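# Residue-level structural notes
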Amino acid sequence: MNALLRKKTSLLLGLAAPALLGGCAGSFTPGTDQASPLAPRIQPLVDQNRHYPRWTDFPAAPQALPPVQQVAAGVGALTQSNAALTRDTARIEWTLDDADRFADETRRQVEAVPVSPDAARTREEIEAVAQGLRERAKAPPPIDRRP
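Just so you know, these numbers come straight off a predicted model, no measurement behind them. (Residues numbered from 1 in each chain as written. Predicted model: local features only at pLDDT ≥ 70, side-chain atom pairs only at ≥ 80, totals over all residues. Heavy atoms only, no water.)

## Concerning the overall build of the protein chain
- Across its full length, the protein chain carries five helices and zero strands.
- In the protein chain, the succession of helices and strands from N to C terminus is α-α-α-α-α.
- Among the 147 residues that make up the protein chain, the fraction classed as buried is 1%.
- As displayed, the protein chain offers around 14600 Å² of accessible surface, 62% of which is attributable to carbon and sulfur atoms. (Helix = DSSP H or I, 4+ residues; strand = E, 2+ residues; numbered from the N terminus. Buried < 20%, exposed > 50% of the residue type's maximum accessible area, 1.4 Å probe, protein only. Areas by Shrake-Rupley, 256 points an atom, 1.4 Å probe, with all protein chains shown as cover.)

Have a look at this one:
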């Protein structure tokens, strides 16, 4: 019973699909509205670019891949340079002797750069602007649809 239903459905779809798609075919033929003031400029542009892109405009596929030995040599060179970099970074003393002195130095460097008056806002001003944006983003109350 299900097989018969499936056959009928596929037959119906097979017959209906060309009719449905055939009705859409006319909508895919673009035309220029001749009453438009831009019509004289549009049609030459369309005709000029009608055949773009062409297959000759695409780059050709690579003809030969590098041999396995060449790839293996490149991987070996990367491995060696990685090992050298690891050795070099291992020799660096990654210590911070005086964290407070470093923080003071950084703070002085940052304060030495002039700041735009627009950017020099206090935390309270920034929070007020953020609160105003939050309030603007609230959804309006629902409309009573009862008669």
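Picking up where we left off.
## Overview of the confidence of the model for the protein chain
- Per-residue pLDDT for the protein chain averages 83, and the proportion of residues at 70 or more is 87%.
- Per-element mean pLDDT across the protein chain ranges from 69 in helix H1 (residues 2–25) up to 95 in helix H3 (residues 68–90). (pLDDT = per-residue confidence, 0-100.)

## A word on a negative patch on the surface
- Taken together, the side chains of Glu93, Asp97, Asp98 and Asp100 present a region of like negative charge at the surface.
- With respect to the helices and strands, the residue Glu93 is situated in the loop between H3 and helix H4 (99–112). (Patch = residues over 30% accessible without salt bridge, like charges linked within 9 Å, V, L, I, M, F, W, Y side chains within 5 Å. Salt bridge = Lys/Arg side-chain N within 4 Å of Asp/Glu carboxyl O. Lys, Arg positive; Asp, Glu negative; His and termini not counted. Charge placed at Lys NZ, Arg CZ, Asp CG, Glu CD.)

## A closer look at a nonpolar patch on the surface
- Nonpolar side chains collect at one region of the surface, where Leu38, Ile42 and Val46 lie side by side and expose about 220 Å² of accessible area between them.
- Mapped onto the fold, Leu38 is located in the loop between H1 and helix H2 (39–48).
- Residue classification places Leu38 among the partly exposed residues on the basis of a relative accessible area of 44%.

## Here we look at the pattern of salt bridges
- With the rule as written, the count across this model stands at six salt bridges.
- Notably, a salt bridge pairs Asp104 with Arg107, separated by 2.9 Å at the nearest N-O pair. Taken as a pair, Asp104 and Arg107 lie in helix H4 at a separation of three residues, close to a single helical turn.
- Residue classification places Arg107 among the partly exposed positions, given a relative accessible area of 46%.
- For Arg146, the salt bridge is made with Asp144, and the minimal N-O distance between the two is 3.0 Å.
- What makes Arg146 exposed here is its relative accessible area of 66%.
- Asp144 sits in the exposed class, given a relative accessible area of 52%.

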